[in-house]
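Architecture at a glance
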Amino acid sequence: MLQRKVVIWLIGIVCLLGTNPAVARYNESHMLAKLVKEGKLPPVEERLPEEPRVIEPLEEIGQYGGILNVADLDPYNAIDARSLRRHGLFRFSEDCTEIIPDIAKGFEISEDKKTFTIHLRKGLKWSNGVPFTVDDILFWWQDIVLNKELTPIIGRLWKPGGELARFEKVNNYTLRIHFAEPYPVVTQLGHSFGSGQGGLYDPKHYLKEYHIKYNPKANEIAKKEGYEYWWELFKVVRNPGYNQWNIDVNLPTLDTYVIKKIALDYQVWERNPYFWQVDTVGNQLPYIDTLIDRLYGNQEVLNMKVMSGEIDIASFSLLLSDYPLLKESEKRGNYRTFMWKTAIGAAVAFAPNQNHRDPVLREIMQNIKFRQALSLAINREEINEIVCFGLAIPRQATVLPTCSFYKEEWDRAYAEYDPEKANELLDKMNLKWNKNQSNRLRPDGKPLSILIEYYSGEGPRTAICELVEEYWEKIGIRVALKPEDRSFYNQRANAGLLDIGLWHLDCVTELHVYGQPHSGKMLSFDGGCGWAKQWELWFNTGGKQGKEPPEEIKLFYKDMEDWSLVTTKKEYVRLAQKIFDFHAKQLIYIGTVGMAPWPVIVKNNLKNVPTQGWWSWDSNFWIAFEPAQFFFTQ
Amino acid sequence: MVIVLWAVSITAFVIIQLPPGDFLTSYIMKLEASGQIVDEAEIAALRKQYDLDSPIHLQYCKWMWKMLHGDFGKSFEWNRPVRDLIAERLPLTVTISIFTLIFTYLLAIPIGIYSAARQYSIGDYTFTVFGFIGLATPGFLFALILMFFFYRYFGISVGGLFSPQYQLADWSGAKFIDLLKHLPIPVLVIGMAGTAGLIRIMRGCLLDELRKQYVITARAKGVSERRLLFKYPVRVAINPIASTIGWLLPGIVSGQTIVAIVLDLPTVGPLLFRSLVNQDMYLAGSSIMILAFLTVIGTFISDILLVWLDPRIRYEKQAR
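Residues numbered from 1 in each chain as written. Chains lettered and ligands numbered in written order. Predicted model: local features only at pLDDT ≥ 70, side-chain atom pairs only at ≥ 80, totals over all residues. Heavy atoms only, no water.

With respect to the overall build of chain B
Within chain B, the regular secondary structure consists of 18 helices and zero strands. The 320 residues of chain B split such that 46% are buried. Contacts in chain B between residues at least 24 apart in sequence constitute 73% of all its contacts with a sequence separation of at least 6. Accessible surface, chain B as shown: approximately 16900 Å² in total, 70% of it carbon and sulfur. (Helix = DSSP H or I, 4+ residues; strand = E, 2+ residues; numbered from the N terminus. Buried < 20%, exposed > 50% of the residue type's maximum accessible area, 1.4 Å probe, protein only. Contact = heavy atoms within 4.5 Å. Areas by Shrake-Rupley, 256 points an atom, 1.4 Å probe, with all protein chains shown as cover.)

Next comes the structure, spelled out in C-alpha cells:
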C-alpha cells in the first residue's frame, strides 16, 4: 500500500516536472550503481540520451534484478531471445497499423511519399559509450550497401523504379532518405529487424577497423584471423545476430542486452549500461539484469524444461498441439499459460495451380466454379475443433480484420460448409461421376485426381491436409497427399509443377500487405504456392516470356501497381478494397482456419507481460510488448 | 589403411553433396522462415563467397588439402573452426561412452557367464527375459519413457548433463558431482541394448565351449568347476567381444546419436546430425572422416587384441 502511494507520488512529480529531461532524476540497477561507484562507468544521467524513450509499464513499476531464462531450438531462429533483446529505429504497433519510433525519436514521410526523414535521439550511446549518430546510418549505406564487395548486388528494397535511394545528412541527428518514386516500402522500414542493427545502421567506430576504406591493413587483419579477404572477416564481425551463435562478443549494440559468453548450448547476455529506455518514474530499463538463452536439441526436452519450471518465458518454440500438456503442468512448473492470437490469415491456404502444364487440369483449375466448390466442401468448423481446440477462426483466406480497409464479407466468401452446393457447382461444370459413383471424371474421361504436395513443417499442415483430403473425396475428387522436404517443395512450387500449392497465409496485416508490393503473399503470383508462374513470368518480362494472362488478371495486376503509388487515404482504401474484393470473388487462395492461437508461457513471478496479444512475425514477436519492462517480483 | 580412409573421404564428400541444394539453400530457407526476404542476387553473392560455385572435385581437393594440414575447415553454421567445435563436445562424449562401456562390461560379462554356467535355471530365464526386452526396445523409446517417468514421479527434468546453475559454472567438485548425478540415465539408456546383446553373445559362446571335449575331459579329471570355467572356456568365449571392440571406438565419439538427441546430451552425435541436416559441409565431412579414422584404428586395435588373447591366431600365422 505504502509502495503504491510512493509510486503515485512519484508519477505526480514526474508529471509536474513535465518532460524537461535536465531536471529528471534517473535510477539504475544495483549492478550498474556498483560499477558507477567503482568509477568504471559514468553516472546514469550521462549514459542516457537527452530524451530517453519513456515506456509506460503495463501493470506496475518494476524491480531491478533477476535472470531471464529463455529456450530456443535453432541458432538461426532463436526468436524468443532475439525479440526479447533487439530493437530497431522503429517498430510496428502490435496490430501492425502504426509505426512507433523506438531508437529514433521520430520520423516524417513527405506528402509525395518520396522523402523519409529520420530524427535521432541526441546523446544516445552505443553499449560501449560511443555516441550514436547519423554517421552510423551513413556508414551502413555508403560503406556496406554501396560497397561492391560487401553487397555485390543491392536488393530491390532500395531501388524503387530502378533508381538508388539517396541519403542526405542534415545534421548529426537528422537524416533524409530520398526515393525516385513515391514508395510505400518506406513503411516497411518500420519493422524493427529491418531498421535495426545490420538493417539500417552499424557501429562505424568499431567496424571501420575491419573496413579497407578506413584501414588499409584490413586485409592483413583478416589473414591473421584465417580469412582470405577483409570483407569475409568484416561480415563475421558485423553479424548482429541473424545466427545468434555467430555473434562477435565485442560488437557494440543499441539493444537491451549485450553478449557476454557463448558456448555451444547456451549464451549469457547482460544488460546494456547505456540502454536508452526509462520507465515513467525514471528507472533506466531493462529491469532484468541478465538473459540466458539455452539451445535445446529437440522439442520434447524443451517442453520438459518448460514444464519443470526451468524456463521463465517461452513461445516461439512451443506448439499448439502441446497446449494440454503445458497447461497440465502449470502448477508444478510455476508458470501461467496464455493463448495469444497469430497474425496469420489461414493456417493453410490452398492455391490451385492455374497455369498447370496439363491442359485439361489447367482448364478445370481456372474455372472459378471449381475453386468455389473446393472451398464450399471444406468443413472449417470441424478443422477448428479437431486441429485447433476450437480456438482458431474458420474463415476464407484474406487480410486480418485489423486492416483499415477490411470488409467482413471477405471472411465469409464461400467459407460456409455446403457440400451439396459444391456438388452442384461441379455438376454444372460437367464433371460427371463414374459408373459406381465413387469418383468424378475429367472431360477427357480420366478420373479427376489431385496430388497435394506439401511441406510438413510450420504449423499443423499434415492434420489439416488429412481432413481436407476427406472433404474433397466426398465431392468426387480423388486426392493423394505427399509430404515433402521444404527445399524440395519450394523447388517444385517455383517451377509451377504442383497441382495445388499450399502455404500458411502470412503478411496479411495492414503495413505488411501494403509494404511489400508483389512479395506479400496475397499480392503475388507465387505466395509459396506457385499458382500462376507463367503469368508471373509474362509480367516480369514485359510479355516476352510466359503465357499471356486473361484480361481480369491484367487488371488485378494494374490495381496492385496503382495501389502502391496512391497518395490519398481515400484512393488507398478504394484500391485495396478492389483488390481484396477480387480475391474474395476469385478465390485464388482457399482458406481454412486463421488467427489460430499460440501458446505463451510466463513464469508466475514474471510481471508486466500481457495476457492477450498478437504473436506474429509481422510485429516482431516480443518486441511489440516492450520486453525491457518485464520484471521479476523479488 | 590409407586407401580405405581415402575411399571413405570420397564417399563422405559425395554423400554430403547428394541431397538437392547446399548449406546456403537451407540457410536461406531459415532466413525466409523467420520472415526475412532474401533477394536472388544476394543468394548468388553468398554462394560465390562460400565457394559453393566451384565444381565438386575442386571443392573436394581443397578440403582434403586443408585436412592433410590439420585444418578441418570452418563450420558454416557456427562460424567456428570444426576442430574447436568437436573439441568442445569431445570430453563429455568420451566420459559418457567410457562410463557406458564400463557399465556394459561389468554387467554383461558376469551375467553371461552365470547364464551359461547355470543354463535353464530361474536366474538364466530371468536374465534372458530382461535381455530380450533390452534388445527389442529401441533406445530412444526407452529414453522417452524414462524422461516421462522421472518427470512425473520425481519432478526431475531429464535432458542435458548439468543442472542449470552448474551449466554456466566453471569446472569444480560440485559441478562434477552434478554431472555424476545426471549420468546414470544416459548410461543406462545407451548401455541397455549393448548389455543385452553382450549377455546373449557371451552366453551363446560359452555354452558352445562348455560342450567341447576338453571341458568334459578336464571335468572328468576332477578340475574344480570354477577353475574349469575361467581357465579356458571364458577366454575363448570372450573372443567375439574382443573383435568388436574396434567398433566401439567410433561409437565413443559419435556417442549414440539418436539417444543423445532425445536426451539432449551435449555430445558430438547431435552436432554431426545437425551438420548433416543443414549440409554444413566441412563440419559434417570432417566429423565423418574422424569417425572413419577411428573405426579403422579400432579394427586395428581389436586385431592386435585378438592375437594377444587367442594364441591360435598367433600360431596360425607362424605356421604359414
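Thoughts on the overall build of chain A
Scanning chain A for helices and strands turns up 22 helices and 24 strands. In summary, chain A has a C-alpha radius of gyration of 27 Å against a globular reference of 26 Å for 634 residues, a match within 12%. Along the first, second and third principal axes, the C-alpha set of chain A runs to 90 × 60 × 55 Å. Out of the 634 residues belonging to chain A, those deemed buried represent 59%. Summed over all atoms, the accessible surface of chain A reaches about 25200 Å², with 52% contributed by carbon and sulfur. Between the mean site of the 76 positive side-chain charges and the mean site of the 82 negative ones, chain A shows a separation of 2 Å. (Rg over C-alpha atoms; globule rule 2.2 N^0.38 Å. Lys, Arg positive; Asp, Glu negative; His and termini not counted. Charge placed at Lys NZ, Arg CZ, Asp CG, Glu CD.)

A word on the nonpolar core
Residues and elements named next belong to chain A. Counting residues in hydrophobic clusters, the biggest one holds 47 residues, and the most contacted among them are Phe-405, Phe-525, Trp-563, Phe-580 and Tyr-589. Of all the secondary-structure elements, those providing two or more residues to this core are strand 15 (346-352), helix 18 (486-494), strand 19 (500-505), helix 19 (510-515), helix 20 (533-540), helix 21 (551-563) and helix 22 (569-586). Broken down by element, this core gets its largest block of residues, seven residues, from helix 22. For Trp-563, the contacting residues outside a window of four places in its chain are Phe-405, Val-513, Tyr-514, Leu-523, Tyr-572, Leu-575, Ala-576, Ile-579 and Phe-580. (Core = buried A, V, L, I, M, F, W, Y, C linked by side-chain atoms within 4.5 Å.)

Digging into the confidence of the model for chain A
Taken residue by residue, chain A gives an average pLDDT of 88. The fraction at 70 or more is 94%. In the model, residues 10-23 of chain A has pLDDT below 50 throughout and makes seven contacts with residues more than four positions away in sequence or in other chains. (pLDDT = per-residue confidence, 0-100.)

Some words on empty space enclosed by the protein
Residues and elements named next belong to chain A. Throughout the structure, instances matching the rule amount to five cavities of 30 Å³ or more. What the largest cavity holds in volume is close to 90 Å³. Around the largest cavity, the lining residues are Arg-85, Gln-197, Pro-240, Ile-247, Asp-248, Leu-251, Pro-252, Thr-253, Asp-255, Tyr-257, Ile-259 and Trp-269. Split by residue class, the lining of the largest cavity holds seven nonpolar, two polar and three charged. (1 Å grid on protein atoms, 1.4 Å probe; cavity = no way out; pocket = protein on both sides within 12 Å on 5 of 7 lines; lining within 4 Å. Points joined across faces, edges and corners; volume = space filled by probe spheres on them. Nonpolar A, V, L, I, M, F, W, Y, C, P; charged D, E, K, R; others polar.)

A look at the packing of helix 20 of chain A against helix 21 of chain A
Residues and elements named next belong to chain A. Between helix 20 and helix 21, whose axes approach to 12 Å, the crossing angle comes to 55 degrees. Considered as vectors, helix 20 and helix 21 are oriented oblique to each other. For the crossing formed where helix 20 meets helix 21, the hand is right-handed. Contacts from Trp-535, Trp-538 and Phe-539 of helix 20 reach helix 21 at Ile-553, Lys-554 and Tyr-557. For the contact of helix 20 with helix 21, the residue count by class is five nonpolar, no polar and one charged. (Axes fitted to C-alpha atoms, helices over the stretch in contact; angles between N-to-C directions. Parallel < 35°, antiparallel > 145°, perpendicular 65-115°, else oblique. Left-handed = near helix turned anticlockwise from the far one by under 90°.)

Some remarks on the packing of helix 14 (residues 380-388) of chain A against helix 17 (residues 461-474) of chain A
All names here are of chain A. One can describe the packing of helix 14 onto helix 17 by two numbers: an axis separation of 10 Å at closest approach and a directional angle of 150 degrees. Judged by the sense of rotation from one axis to the other, the crossing of helix 14 with helix 17 is right-handed. On the side of helix 14, the interface is formed by Glu-382, Ile-383, Ile-386 and Val-387, while helix 17 contributes Ala-463, Ile-464, Leu-467, Val-468 and Tyr-471.

A few points about the packing of aromatic side chains
Each aromatic ring pair is characterised by the separation of its centres together with the angle its planes make. All chains considered together, the criterion is met by 50 aromatic pairs over all chains. Centroid distance Phe-132 of chain A to Tyr-201 of chain A: 5.1 Å. Interplanar angle 70 degrees. Geometry classified as edge-to-face. With Phe-132 of chain A in the loop between strand 6 (115-119) and helix 5 (134-145) and Tyr-201 of chain A in the loop between strand 8 (174-178) and helix 6 (204-207), this pair connects stretches of sequence that are 69 residues apart. A residue is classified by how much of its surface remains accessible, and Phe-132 of chain A, at 1% relative accessible area, is buried. Exposure remark for Tyr-201 of chain A: the relative accessible area of 0% places this residue in the buried category. An aromatic cluster is built from Phe-316, Trp-340, Trp-615, Phe-621, Trp-622, Phe-625 and Phe-630 of chain A, whose rings are joined through pairwise contacts. In this arrangement the basic side chain of Arg-461 of chain A is found over the ring face of Trp-503 of chain A, its NZ or CZ atom lying 4.4 Å from the centre. The ring of Phe-162 of chain B has Lys-175 of chain B sitting right over it, with the charged end atom 4.7 Å from the ring centre. (Phe/Tyr/Trp six-rings, centres within 6.5 Å; stacked < 30°, edge-to-face > 60°. Lys NZ or Arg CZ within 6 Å of the ring centre and 35° of its normal.)

Observations regarding the pattern of salt bridges
Residue and element names in this part refer to chain A. Throughout the structure, instances matching the rule amount to 34 salt bridges over all chains. For the salt bridge of Lys-40 with Glu-38, the shortest nitrogen-to-oxygen distance reads 3.1 Å. When salt bridges with common partners are traced through the structure, they connect Arg-53, Arg-91, Asp-102 and Glu-626 into a single cluster. (Salt bridge = Lys/Arg side-chain N within 4 Å of Asp/Glu carboxyl O.)

Some words on the side chain of Gln-267 of chain A
Residue and element names in this part refer to chain A. Position of Gln-267 among the secondary structure elements: in strand 10 (residues 266-271). There is a polar contact of 2.6 Å between the side chain of Gln-267 and the backbone oxygen of Gln-244. When near neighbours in sequence (up to four residues on either side) are disregarded, Gln-267 contacts Gln-244, Trp-245, Ile-259, Lys-261, Ile-262, Leu-291, Ile-292 and Asp-293. (Polar contact = N/O pair within 3.5 Å; in protein donor to acceptor, adjacent residues only side chain to side chain.)

Points about the pairing of strand 14 (residues 335-342) of chain A
As a general feature of sheets, a regular strand has side chains that alternate between the two faces. All names here are of chain A. Taking burial as the measure, the eight residues of strand 14 include six buried ones, the bulk of the element. Note that strand 14 and strand 21 (residues 597-603) share seven bridges and pair antiparallel. Paired with Lys-341 across the strands is Pro-597, a residue of strand 21. In this structure, strand 14 lies alongside strand 23 (residues 614-615), joined through two bridges in parallel fashion. Bridge pairing links Thr-342 to Trp-615 in strand 23. (Pairing = 2+ DSSP bridges.)

Things to note about the sheet that holds strand 7 (residues 166-171) of chain A
The pairing of strands in a sheet comes from backbone hydrogen bonds and takes either a parallel or an antiparallel form. Residue and element names in this part refer to chain A. As summarised here, the arrangement of the four strands in space is 5-6-8-7, forming an open sheet in which the pairing is antiparallel. Sheet topology places strand 5 (106-109) and strand 7 at the edges, where each strand pairs with a single neighbour. For this sheet, the mean angle separating the axes of adjacent strands, direction not counted, is 15 degrees. Two elements, strand 6 and strand 8, share five bridges in a ladder whose sense is antiparallel. Across the sheet, His-119 pairs through a bridge with Thr-174, a residue of strand 8. Its contacts with the sheet put helix 5 on strand 7 and strand 8, and the angle it makes with strand 7 is roughly 165 degrees.

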